[in-house]
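Inside the fold
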Amino acid sequence: QVQLVESGGRSVQAGGSLRLSCTSSGRSVSRYDMGWFRQAPGKAREFVAAISRNGGTISYADSLKGRFTISRDNAKNTVNLQMNSLEPEDTAVYYCAAGSRSSDYRTYNYWGQGTQVTVSS
């Protein structure tokens, strides 16, 4: 019912900032709770942040709170992830997902293809 596409991933230096975006075709993202996850090679999928349909409820992984900010603009059919003070450990493929605001990836129904973020020291 919804197809998600992430964009904005690139290579940056440690300490830099990056803004990722997620857009949809089919049904609008405005109809869904949304989340961001990331996965590095050889590691488990990791919860990053989630936001409710209207943006009223937001949650973050404890280790990322204060550096990352999730937001949405339903009028523009986008969900964003602002990443500041990036560290090499943030290197991963970042995915947006729809259908839940839980930290458990198994509760999400739809996933984008991912966008690569590489942080160099």
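In short, a report on the structure. Here the structure is a predicted model, which is why all the values come from computation and not from measurement.

Right, let's talk about the state of the cysteines for a bit. Working definition: the covalent bond between the sulfur atoms of two cysteines is a disulfide. This structure, assessed with the given rule, holds 1 disulfide. Each sulfur in the disulfide pair Cys 22 and Cys 96 lies 2.1 Å from the other. The S-S bond linking Cys 22 to Cys 96 shows a torsion near 55°; that makes this disulfide right-handed. Residue Cys 22 is located in strand E3 (residues 18-26), and its partner Cys 96 is located in strand E9 (residues 92-98); the two are separated by 74 residues in the primary sequence. There is no split in this pair, since Cys 22 and Cys 96 are both buried.

Let us look at the pattern of salt bridges. Considering all chains together, one arrives at 5 salt bridges under this definition. Here Arg 101 and Asp 33 are joined by a salt bridge, their closest N and O atoms 3.1 Å apart. Remark: Asp 33 occurs in the loop between E3 and strand E4 (34-39) and Arg 101 occurs in the loop between E9 and strand E10 (110-111); sequence separation between them is 68 residues. For Arg 101, a relative accessible area of 41% translates into the label partly exposed. Under the relative-accessibility criterion, Asp 33 is labelled buried at 17%. For Asp 90, the salt bridge is made with Arg 38, and the minimal N-O distance between the two is 2.9 Å. In this pair, Asp 90 sits in the loop between strand E8 (78-83) and E9 while Arg 38 sits in strand E4, placing the two residues 52 residues apart along the sequence. Across the pair, exposure class does not vary: Asp 90 and Arg 38 are buried alike. What emerges from the salt-bridge pattern is a single network uniting Arg 38, Glu 46, Arg 67 and Asp 90.

About the cut-offs
- Residues numbered from 1 in each chain as written.
- Predicted model: local features only at pLDDT ≥ 70, side-chain atom pairs only at ≥ 80, totals over all residues.
- Heavy atoms only, no water.
- Disulfide = S-S within 2.5 Å.
- Helix = DSSP H or I, 4+ residues; strand = E, 2+ residues; numbered from the N terminus.
- Buried < 20%, exposed > 50% of the residue type's maximum accessible area, 1.4 Å probe, protein only.
- Salt bridge = Lys/Arg side-chain N within 4 Å of Asp/Glu carboxyl O.

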